[in-house]
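Now for the letters of each chain:
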Amino acid sequence: MIRLKLFLILILLLASTLGYAQIDYKALVRNLEDVTKDTNLKEYFEGLSSSSMNKSEGEFKDERFLRLYGVIVDDVEFESSWSGRYINIRLFNEEVDYKVLKEKFTSHLGTPVINDRYEDELEYTWSTQEKQISMYINLKDGKFLEFKESLYIKFLEE
Amino acid sequence: MKIIIILILAVSLVSCSKEYDLSKVVSPENLTALLIEMKEDKVKIDSSYVNEIEGQGLHYKGISVGKMTFSDNGLTITTDTLNYSAKKLLEELEKENGFGLFEEDEYPSDFSFSWANEKKNTKLEINLVDGKNLAKLGAKDYAKLEINYPKQYDIPLANMHQKLTEFNSKPEYELHITKQNCIYYDVFLDGVNLGNGTYSDTKKFNLNLFLLNSGKHEVKIKAIPNGSNSTVPSYIKMLVINKEDEDNIIAQKEFTFKNNQEQQLNLPFNCNIPYELEGWKKGKDLRKDSLIKKKITSLYEKVGRAVLAQDEQAINDLFYTADFETRQSTYDTGYSNSSDYWETWLKIFKSTFKYTIAQDFTIEYNSEGRLIYASPKEKLNMLVVTGKGFSDSFDFYLYQPKNSNELKIIR
Amino acid sequence: MRILIIVSIFFIFLSCSETQNSMNDEVNDFISEFDGKSLDEIKDEVDKNIKSFESFVNFFEGVFSNEIKKIAKEDEKFEAAFKIDTTNVVRLLKQFDNIVFEQSFANYESELIFGFKDEEYQRLLSLDSGLNQRFIPQKIYYSNGDICIDSISDYEVDFSFKEEWGQTLPMDSVAVNYELHYPSTLDSVTLSLDNPIADYGGGEIELVKVKDNYIYLTISDTISGVSKIQGLNKEGKVLGKSGSSSNGQAPGESEKIINELLSYLKKLQKKLNNGVFKTSEEFQKYLAKDLKNFDYFNDNDGIYHKEIFYYGNVKEVKLYFAKNSKKKQTQFKAVSTSVFGDYNQMPLEEGVAFINKEGKEQFKVTGEGFYTLNSRFYEDDDFYYHLNIEEKRMDTLLVFHIQAFNNGLVGVQPEQEFDDYSLFNLENEQVTTNKYDVLNEKEGLLFGDRFGETNDELFIINELGEETLLKGIAKFKEAKDGMIMIENNSGLRGYMNNKGKIVIPMSYYGVEEFSDGLSIVQKTSGGNYGFIDKTGKVVLPFIYESAYNFVKEITAVKLKEGGYKLINTRGKVLVEVESSSIGVSENFGERVYSFGNGEKYDTYGNLIEAKEE
């Protein structure tokens, strides 16, 4: 009798550590590389933790749901004006993230224009017909230290 | 090895004290019941500073928590020092309540999630310990969960949101008047006087309050040129729009003055509103009522007396219909406003030591005498309630319902 | 608040030298808390006390945020070695030029609280260690002409709290002697592990424990006045202090005491639970007998215990004593700012009494004390009141707001915020049917505004409520030192004196307050600045493109050409600066002029920072 009880307890302990049916967070992740100049942002972020999002402007800060080419994004802010849509993407200061994004942007958008005018700073700009991406980093001893400011994506009006 | 496991389990069985699932505490009554249960189980409660219970079988739906502090209207749960359960708590709360309002960098917490409900407000604050960010939470991140129960009131006035209808489409109709070199006055909507023009060249009038149902309505104004500057043309323009869709003009009318004569402009329009209100439709025509002044004073007296006596039921009866129709027509259907408005009344009760009613007033008859508005001649408001350093004032639209001899507040 | 009582008793017997009598008072207070309670209630109280005490024990363990530990070299913090500094002595003696006091009455005594005339700029200077000060009242000048010199030297002169000052008679002023004792030569005693005991001044000092950043020493209480205790590290540098405590008991003793008290309470609890006491009075008697015999309520070890934590590892401790001290004194007269009428409020234990100017009680009213608006109008949190002398009571006034003015009138808004003000006199009689939108008192004059359809009117109102229209004046701006700045409808400004006479016509723009007797004005809007005096005479011509007001008779100005200049009130250029950009900062009446070329000058035009290269 006591053996059975102990056995049951063991099973229960095991079950509780495995966790129980949860929300599928992975399915809710938004890949920001999919956003175009026409995306209705209100619909795009629908259902997630509330953000001040209209169909063309707003901010979203919950990094559980933000990725850019697989890299975790801290914060994303969308602005729109008569000259088009702008996206500011704040990243975490991980060197591996910088490397991944540099590689992805280059393979999707071509060679960047590199500006190394200032010591300990590097500015990359990728341009195509549709959009322009600026990435600005700070260096220390020639190596990546941090992102100097948010990643800036601008959609060009034809 | 087996014996050790069995021994450990046996010990935990024996010393396995009672467990308390804090996720079941969803109201102040639940909290009181839990505390009684804990007291009977001789759970140690430390009341030296705040009421605190540590460990002793506390958990939130299976997630073990370290400490619980409680007060009359809520409790705070913090994660324990062995199994910092921030991630687990967050996922459990999101499973329970959906995604909440997310805030970042609100010192001293790194992140906070809040869910506001009519009966229960929940806030989870997370501090990263070994986690890097929300997408990479660690096993030791610290969480503080605060739950409080907003005060519930029995009075119907404080629970009006339960009777109000939330509509998907919320058209808000506005009358825009633009003028140049002229003045306008006697702005009427379906026979209800909305006021006069001012010095500014554009003015907006909100119409919903006096729109009782969908269908045909009409706005009328009277205008006359300034007569001062003959080189600048005098004109007036009125248009009706729905704020939800500002670019679509529902109806408009323009008039340029050719001489100095007063002009009456009528603008009929169609509107489509989702609600339908009784209002003053079936009210008595009060234009011939000789006792009207007395009735008005008597109504205001009733309100003043109710405030002074702190008579909650009387205030409820006086204001229910008017508040209902006002809130419905302006789509103010949320629960938090219900309790806010009621708490404003409670504050007025507490602060008031006298009321004064204007004795000398003029009466404006709208909608063929069915809707009246009294304006004091010398004073600012019909009814003023006063306390030390506190005052509030009231002016109402009144009507006399079909089977009654007394006036009732309708706006 | 049981825990407060327990805690306070605990701290009392821990602190140094408490007399036996006051100890008994505390014990009696504690026992009397049980008056009128049933045995069950007492049982609950004792239970709760024990619980609180137990948790308090845990709290006490961590009462120091300091702990004994080794401090790393880079975390060391130092302070200056103690020495006699007499410059502060001079400043301390000189701070009593403008002392005032407020006099009020309570419980058949006068209460005084002292302050400075210009509260904004002055505070009582703090004493350096080793200095002692005493205020000794010499004479009280009463308003009725009496002068009192007997038995007043014990009255306390306090700048933060009201203190009792004897009979309830209005005072005009008080003459006070200020004595400052400061060490003129110092003795020092150095202790260390090698040399832990020293004799001084008829007593003994012992360095009981030295470890890392902590010292514990005892000083026999026959030694008076240690001026300063400083700790030195092994290089002889003076370490900064991070925490300290002084006790009548040795450290560690306190723990013993808590535990003894706790076990006594538990013994009590057991007795209560076993029904040993038949009545609450029996319980109280038992308590009284026991607590009075408690050894620990008496602090009789005659030693002063001191523990200190430092920002560094202590090697030696240096104690400074005043070997010789000097005394310097000065006398000052503090003037009363209180005004007394025929009826003055005096809160009592129960109710409020009103006394006349001779200090005689006229009658009592119910209430807990009122805030005085003037001699006949009062308020508390809930209502405004009028003192009804005939009926000898406070009449409650159900009004929205009352504002009292120095000319004896009060303005009343009967119902709400937007009401006009009506004017009433001290008898609560309405003095006029005139009403005002705004009432303002400046420099002793009561101004009333009446807003009209076409224009606003400004009046001066006298004590009888009679109004005088101020023609042409639309509003007044600042008021100071008997001069009130006025403005007409075109924005031109001038000045009126406190008799209501226009002394400087409204013909200037950009007028500023008077300072050092001069005011900056402009003749045309956006034009040059000049300075006028209080008679309206143009003292410095309109040649300045930019100008600041005078402070200590110096200011900075700039002509159209050239850089800034510092000038005096006669326009004489004291300093020429090669810079056309300036920043002026002002603190407690002292200025710093900073210029674009890096130069900085002080209030008196002295160069304090040279030009940047």
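Everything numeric in this text was worked out from a predicted model, so none of it was measured.

1. Looking at the overall build of chain A
A tally of helices and strands in chain A yields 3 helices and 10 strands. Listing each helix as α and each strand as β along chain A from the N terminus yields α-β-α-β-β-β-β-α-β-β-β-β-β. Among the 158 residues that make up chain A, the fraction classed as buried is 39%. Of the contacts formed within chain A by residues at least 6 apart in sequence, a portion of 40% connects residues at least 24 apart. Summing over all exposed atoms, chain A offers an accessible surface of approximately 9700 Å²; the carbon and sulfur share of this is 52%.

2. A short note on the domain arrangement of chain B
Split into domains, chain B comes out as domain 1 (17–148), domain 2 (173–271) and domain 3 (292–409). For domain 1 of chain B and domain 3 of chain B, the distance between their C-alpha centroids amounts to 44 Å.

3. Topic: the confidence of the model for chain B
Residue and element names in this part refer to chain B. Confidence along chain B averages 89 in pLDDT terms, with 95% of residues attaining 70 or more. Every residue in residues 4–16 scores below 50 in pLDDT, and together they form 8 contacts with partners more than four places removed in sequence or on other chains. Quick note on the complex model: pTM equals 0.70, ipTM equals 0.81.

4. A few points about the interface of chain B and chain C
Counting from both sides, the interface comprises 17 residues of chain B and, opposite them, 16 residues of chain C. Together, the buried faces of chain B and chain C total about 1200 Å²; carbon and sulfur atoms form 56% of this surface. Inspection of the chain B/chain C interface yields 2 salt bridges. We note a salt bridge from C:Glu379 to B:Lys388, for which the minimum N-O separation is 2.5 Å.

5. Details of the sheet that holds strand E18 (residues 371–372) of chain C
Sheets are built from strands paired through backbone hydrogen bonds, the pairs being either parallel or antiparallel. Residue and element names in this part refer to chain C. The strand order across the open sheet formed by 4 strands is E18-E19-E20-E21, and the pairing between neighbours is antiparallel. For this open sheet the edge positions go to E18 and strand E21 (393–397), each flanked by a neighbour on one side alone. Summarising the sheet, strand E19 (residues 377–379) and strand E20 (residues 384–388) pair through 3 bridges and their orientation is antiparallel. Residue glutamate 379 lies in a different strand from E20, and its bridge partner there is tyrosine 384.

6. Notes on the packing of helix H5 (residues 312–329) of chain B against helix H6 (residues 335–351) of chain B
Residues and elements named next belong to chain B. Direction vectors running N to C along H5 and H6 enclose 140°, while the axes themselves pass 13 Å from each other. Accordingly, the angle class assigned to the pair H5 and H6 is oblique. Crossing geometry of H5 relative to H6 is assigned as right-handed. Contacts between H5 and H6 involve Glu312, Ile315, Phe319 and Arg327 from the first element and Asn337, Ser338, Tyr341, Trp342, Trp345, Leu346 and Phe349 from the second. Of the residues in the contact of H5 with H6, the class split is 7 nonpolar, 2 polar and 2 charged.

7. Section: the sheet that holds strand E41 (residues 590–595) of chain C
All names here are of chain C. The antiparallel open sheet is built from 4 strands, whose spatial order is E40-E41-E42-E43. Both outer strands of the open sheet, strand E40 (582–587) and strand E43 (607–609), are each paired with one neighbouring strand and no more. Adjacent strand axes in the sheet meet at a mean angle of 25° when their direction is disregarded.

8. Observations regarding the nonpolar core
All names here are of chain B. Grouped together as the largest cluster of nonpolar side chains are 37 residues, with contacts concentrated most on Ile296, Ile315, Phe319, Trp345, Phe396, Leu398 and Ile409. Of all the elements in the fold, those that place two or more residues in this core are helix H4 (292–308), H5, H6, strand E20 (371–376), strand E21 (383–387) and strand E22 (390–394). Apart from the residues lying within four places of it in its own chain, the contact partners of leucine 398 are Ile296, Leu299, Tyr300, Arg370, Leu371, Ile372, Leu407, Lys408, Ile409 and Ile410.

9. With respect to H4(B)
Its 17 residues give H4(B) an end-to-end C-alpha distance of 25 Å, which sits within 8% of 24 Å, the value for a rise of 1.5 Å per residue. All of the buried residues in H4(B) are B:Ile292, B:Lys295, B:Ile296, B:Thr297, B:Leu299, B:Tyr300, B:Val303, B:Gly304, B:Ala306 and B:Val307.

10. Concerning the pairing of strand E5 (residues 84–91) of chain A
All names here are of chain A. By the criterion of burial, E5 is predominantly enclosed, with 6 of the 8 residues buried. Taken together, the 8 bridges between strand E4 (residues 71–81) and E5 define a ladder with antiparallel strand orientation. By the bridge assignment, aspartate 75 is partnered in E5 with arginine 90. The turn joining E4 and E5, which pair antiparallel and follow one another in sequence, is formed by 2 residues.

Calculation criteria
- Residues numbered from 1 in each chain as written.
- Chains lettered and ligands numbered in written order.
- Predicted model: local features only at pLDDT ≥ 70, side-chain atom pairs only at ≥ 80, totals over all residues.
- Heavy atoms only, no water.
- Helix = DSSP H or I, 4+ residues; strand = E, 2+ residues; numbered from the N terminus.
- Buried < 20%, exposed > 50% of the residue type's maximum accessible area, 1.4 Å probe, protein only.
- Contact = heavy atoms within 4.5 Å.
- Areas by Shrake-Rupley, 256 points an atom, 1.4 Å probe, with all protein chains shown as cover.
- Domains from an automatic or database assignment.
- pLDDT = per-residue confidence, 0-100.
- Buried area = accessible area lost by both parts, 1.4 Å probe.
- Salt bridge = Lys/Arg side-chain N within 4 Å of Asp/Glu carboxyl O.
- Pairing = 2+ DSSP bridges.
- Axes fitted to C-alpha atoms, helices over the stretch in contact; angles between N-to-C directions.
- Parallel < 35°, antiparallel > 145°, perpendicular 65-115°, else oblique.
- Left-handed = near helix turned anticlockwise from the far one by under 90°.
- Nonpolar A, V, L, I, M, F, W, Y, C, P; charged D, E, K, R; others polar.
- Core = buried A, V, L, I, M, F, W, Y, C linked by side-chain atoms within 4.5 Å.
- Expected span 1.5 Å × (residues − 1).

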